[in-house]
Amino acid sequence: MSTNHEFSDSESEDEQVTEDDTETYFPITSPNSSYTSLAQALKHDKDYHNFNLLDLLPSPDSDDFHEKAIVMINKCRRFVQKHGGDGKLQLDKLCAFLDDNSENDEEFFLPVLQDDALLMYIEDLEDLKRNHESIEMKQMDTETNKTVQDYQQKIQALEQQLSRASQYLTTLLDNREDDESSKGQPVKSSAVAPDNDTYYFSSYSNSSIHETMLQDTVRTEAYQNAILGNPHLFKGKVVMDIGCGTGILSLFAAKAGAKKVIAIDASDMYKEATQIVASNGYEDIITVVHGKVEDLIEKKHGTLPLEDGELVDIVISEWMGYALFFETMLPSVMVARDHLMDRKNGTMWPNRSVIFIEGASDSRLEYWSNVYGFNMNIMKDRVMKELRSEASVEIVEDDAIVTDRHELIVHDLNVCCDEELDFEVPFVLERRPDLEVEEQRIDKLVVSFDIFFDSEDCSMISFSTGCQTKPTHWKQTSLWFDSMEGVPTLRKGEFLKGIFGMRRNSRNHRDIDFLVRWEIGSYSSGEDATFQTKLSGTILSKLSSN
């Protein structure tokens, strides 16, 4: 379930945001007025009260622009809330309030106005500060002529901006520790933590993501066959569907004979899932529950339809992301497994995953050698830097593959632990035997995965996201060598080997960092054969929702 939005590439069909076609913006000076664009809201402030928020914001080049902008917006909101907006606003008193440093800025990280679009889309403010608000004002005149496609593109861009801005917004802290101030009065902790879950779950409230996943026939038909093709596994059983999305896997389970299905989703899509269940006559079997599975387990009483001592027989979920672990949904599924599943007789479904790597050639940089008859080779360095820093989610054709497909790591989903999702493993690649060229260039490493439903006494079902099979919405993930410094080439009898590392990003656990240490060469002959290296290097890349 990955979508890059494109990352985005996740997408559990079975996961999670609701986005209206337009956002509502409230001016600083007149919070009772509302507009459909940021530019209009700022124009209101300027036209009616000669107040320009952009003049109060720091330079967009400053590292703490987002934090300072959040504080400034909430300070302004607080003043207007206390002293009245519209005609009552006195700018001189507002400026004096903003200059007063007696109050702790940290308390202004919490939003004064609920669902404040100025905070949600703070990068739009950054753009306006950089390019001057006149750009947005001109766009305002043409907004009425925008097509539906234009709005969809704008929503996608805003989703990406929200992902970045959300790292600077504080969440309401459930567990606040009190400290003693110098005056002996308790003060509340004002720690700021990135909110990586809100954007993730909200992105799965968009219907287009679920449509993409449902229309991925490789994915959906594999689950359909694995469930309906093994009715003896489901008949009379208790099933839990983590990240149910529209509820398709729950419907399969109910149709296969499950006596109880608990469908869990943390996005707003649970509302539609509940109605879909009822529309298909399964409301007596399937119960849709809204929330994060970790929170539901912690609260326990009354939140999950399980009797005292009742366990789950089968945990189903489509938790996969780009390169398998992008968006990191599997740990949530494992929490349900460890706390609610019958570990002796139950099973995860699917129950096994395998990650693979292979080498590919790619000549896209050569495009810049001749662009409509012009030499644009200077662009190659910029393009390569972009490709090197961010992994590419793309469909790689089989005829671009120049090595064998090497198995990196296998996860038994019934027993694997959280620590095993971050790993370093050795790999060895050799060139495909059918290649005719004497020396084969390798421009990138391609990561893919296979999924298996192969419990004992069941019909084994699997699907692959490899380059040799029908493409899926996961596509493949490419990690690029630096062609500007020289890429590896393979002759017959030579190998590309090294250590492949994948781990969750320390700042955003839903992002993935890659580190590949590689070398290319051949083994000497004789009993004490040693590997003779002719070229070596490192690939450092990432999969990011930003």
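Residues numbered from 1 in each chain as written. Predicted model: local features only at pLDDT ≥ 70, side-chain atom pairs only at ≥ 80, totals over all residues. Heavy atoms only, no water.

Observations concerning the pairing of strand S15 (residues 476-480)
Along any regular strand, the residues point their side chains to alternate faces of the sheet. Spelled out, the test is: Throughout, exposure labels follow a simple rule: accessible area from a 1.4 Å probe, protein chains only, divided by the maximum for the residue type, with under 20% read as buried, over 50% as exposed, and the rest as partly exposed. Numbering of helices and strands runs from the N terminus, with a helix taken as a DSSP run of H or I at least four residues long and a strand as a DSSP run of E at least two residues long. Strands are treated as partners if at least two bridges between them are detected by DSSP.
Of all five residues in S15, five are buried, a share of seventy percent or more. Bridge count for strand S9 (residues 392-394) against S15 is three bridges, and the pairing is antiparallel. Counted as the bridge partner of Ser 392 is Ser 478 from S15. By the bridge criterion, four bridges tie strand S13 (residues 444-453) to S15 in an arrangement that is antiparallel. Looking at S15, one finds that Val 447 is bridged to Thr 477.

Things to note about the side chain of Ser 392
The line we're drawing: For this analysis, residues touch if any pair of their heavy atoms sits within 4.5 Å.
Summarising the element assignment, Ser 392 is placed in strand S9. With residues up to four places along the chain from it excluded, the contact list for Ser 392 reads Leu 387, Gln 476, Thr 477, Ser 478 and Trp 480.

Description of the packing of aromatic side chains
Working definition: an aromatic ring pair is given by the centre-to-centre distance plus the angle between the planes. Counted only if it meets this: A pair of Phe, Tyr and Trp rings is counted when the ring centres sit within 6.5 Å of each other, with Trp represented by its six-membered ring. The angle between the planes then sorts it: under 30 degrees is stacked, over 60 is edge-to-face, the rest tilted. Look at NZ for Lys and CZ for Arg. If either is within 6 Å of the ring centre and within 35 degrees of the ring normal, a charge sits over the ring.
A complete count under the given rule lists 14 aromatic pairs for this structure. Here the aromatic rings of Phe 79 and Phe 97 are separated by 5.6 Å at their centres, their planes lie at 40°, and the arrangement is tilted. Residue Phe 79 is found in helix H2 (residues 65-83), and its partner Phe 97 is found in helix H3 (residues 91-99); the two are separated by 18 residues along the sequence. Between Trp 349 and Phe 453, the ring centres sit 5.5 Å apart and the planes meet at 65°, which makes this aromatic pair edge-to-face. A residue pair is termed long-range when its members are at least 10 positions apart, and Trp 349 in strand S7 (residues 347-349) and Phe 453 in strand S13 qualify at 104 residues. Given a relative accessible area of 1%, Trp 349 falls into the buried group. The exposure class of Phe 453 is buried, given its relative accessible area of 0%. A cation over an aromatic ring shows up here: Arg 405 above the ring of Phe 356, its NZ or CZ 3.8 Å from the ring centre. One cation-aromatic arrangement involves Lys 497 over Phe 531; the distance from NZ or CZ to the ring centre is 4.7 Å.

Observations regarding unusual backbone geometry
Put simply, Trp 349 and Pro 350 share a cis peptide bond, and its omega is 10°. Structurally, Pro 350 is set in the loop between S7 and strand S8 (352-360). Its identity as a non-glycine residue notwithstanding, Asp 115 has a phi of 55°, on the positive side. Take Asp 115: it is sitting in the loop between H3 and helix H4 (117-120). What makes Asp 115 exposed here is its relative accessible area of 56%. Even without glycine at this site, Glu 327 takes up a positive phi of about 80°. Following the sequence through the fold, Glu 327 ends up in the loop between strand S6 (314-317) and helix H15 (330-340). For Glu 327, a relative accessible area of 5% corresponds to the buried category.

Remarks on the confidence of the model for the protein
Quick note on the threshold: A residue's pLDDT is the confidence the predictor assigns to it, expressed on a 0 to 100 scale.
The share of residues in the protein with pLDDT of 70 or more is 81%, and the mean pLDDT across the chain is 83. Of all the helices and strands in the protein, strand S1 (residues 178-180) carries the lowest mean pLDDT, 41, while S8 carries the highest, 98. Low confidence marks residues 163-194, where pLDDT is under 50. Its contacts with residues over four positions away, or in another chain, come to 48 contacts.

A word on the environment of Asp 513
Quick note on the threshold: We call two N or O atoms a polar contact when they sit within 3.5 Å, provided that within protein one can donate a hydrogen and the other can accept it, with sequence-adjacent residues counted only if both atoms are side-chain atoms.
Within the fold, Asp 513 resides in strand S18 (residues 512-523). C-alpha separation for the pair Asp 513 and Ala 391, spaced 122 residues apart in sequence, amounts to 9.3 Å. Look past the residues within four positions of Asp 513 in its chain and what remains in contact with it is Gly 501, Met 502, Arg 503, Asn 505, Ser 541 and Lys 542. Of note is the side chain of Asp 513, whose polar atom sits 3.2 Å from the side chain of Asn 505.

Focus: the pattern of salt bridges
Convention followed: Salt bridge, as applied in this entry: a Lys or Arg side-chain nitrogen positioned within 4 Å of an Asp or Glu carboxyl oxygen.
The final tally for this structure, using the stated rule, is 29 salt bridges. Arg 352 is paired through a salt bridge with Asp 454; the nearest N and O atoms lie 2.5 Å apart. Of the two residues, Arg 352 sits in strand S8 while Asp 454 sits in the loop between S13 and strand S14 (461-464), which places them 102 residues apart along the sequence. Owing to a relative accessible area of 26%, Arg 352 belongs among the partly exposed residues under this scheme. Put simply, Glu 438, Glu 439, Arg 491, Glu 494 and Lys 534 are held in one network by salt bridges that share partners.

Side note on the nonpolar core
Which entries qualify depends on this criterion: For our purposes a nonpolar core is just a set of buried Ala, Val, Leu, Ile, Met, Phe, Trp, Tyr and Cys residues, chained together by side-chain atoms within 4.5 Å.
Grouped together as the largest cluster of nonpolar side chains are 93 residues, with contacts concentrated most on Phe 234, Phe 325, Trp 349 and Phe 500. In terms of residue count, the dominant contributor to this core is helix H12 (residues 248-255) (six residues). Excluding anything up to four places from it in sequence, Phe 500 contacts Ile 357, Leu 408, Phe 423, Glu 424, Val 425, Phe 427, Val 447, Leu 479, Phe 514, Leu 515 and Val 516. Within the second largest apolar cluster, 31 residues are counted, among which are Leu 53, Ala 69, Leu 94 and Leu 118.

A look at the sheet that holds S18
To be explicit about the condition: Each axis is a line fitted through C-alpha atoms, taken for helices only over the stretch in contact, and angles between the N-to-C directions span 0 to 180 degrees.
Pairing is antiparallel across the open sheet formed by four strands, whose spatial order is S11-S17-S18-S19. Each edge of the open sheet carries a strand with a single partner, namely strand S11 (423-430) and strand S19 (531-543). Neighbouring strand axes in the sheet, compared pairwise and without regard to direction, differ in orientation by 15° on average. The pairing of S11 with strand S17 (residues 495-504) spans eight bridges and is classified as antiparallel. Each bridged residue has a counterpart across the sheet, and for Val 428 the counterpart in S17 is Lys 497.

Description of the sheet that holds S6
Taken in spatial order, the five strands line up as S5-S4-S3-S6-S7 in an open sheet, and their pairing is parallel. Each edge of the sheet is formed by a strand with only one pairing partner; in this case those strands are strand S5 (286-290) and S7. If you compare each strand with its neighbour and ignore which way they point, the axes differ by 20° on average. Of the pairings in the sheet, the one linking strand S3 (residues 238-242) to strand S4 (residues 260-265) comprises five bridges and is parallel in character. The residue of S4 that forms the bridge with Met 240 is Ile 262. The strands touched by H15 are S3, S6 and S7; relative to S3, the strand with the most contacts, the crossing angle is about 155°.

Examining the environment of Lys 68
Inspection of the secondary structure assignment puts Lys 68 in helix H2. Judged by its relative accessible area of 45%, Lys 68 is partly exposed.

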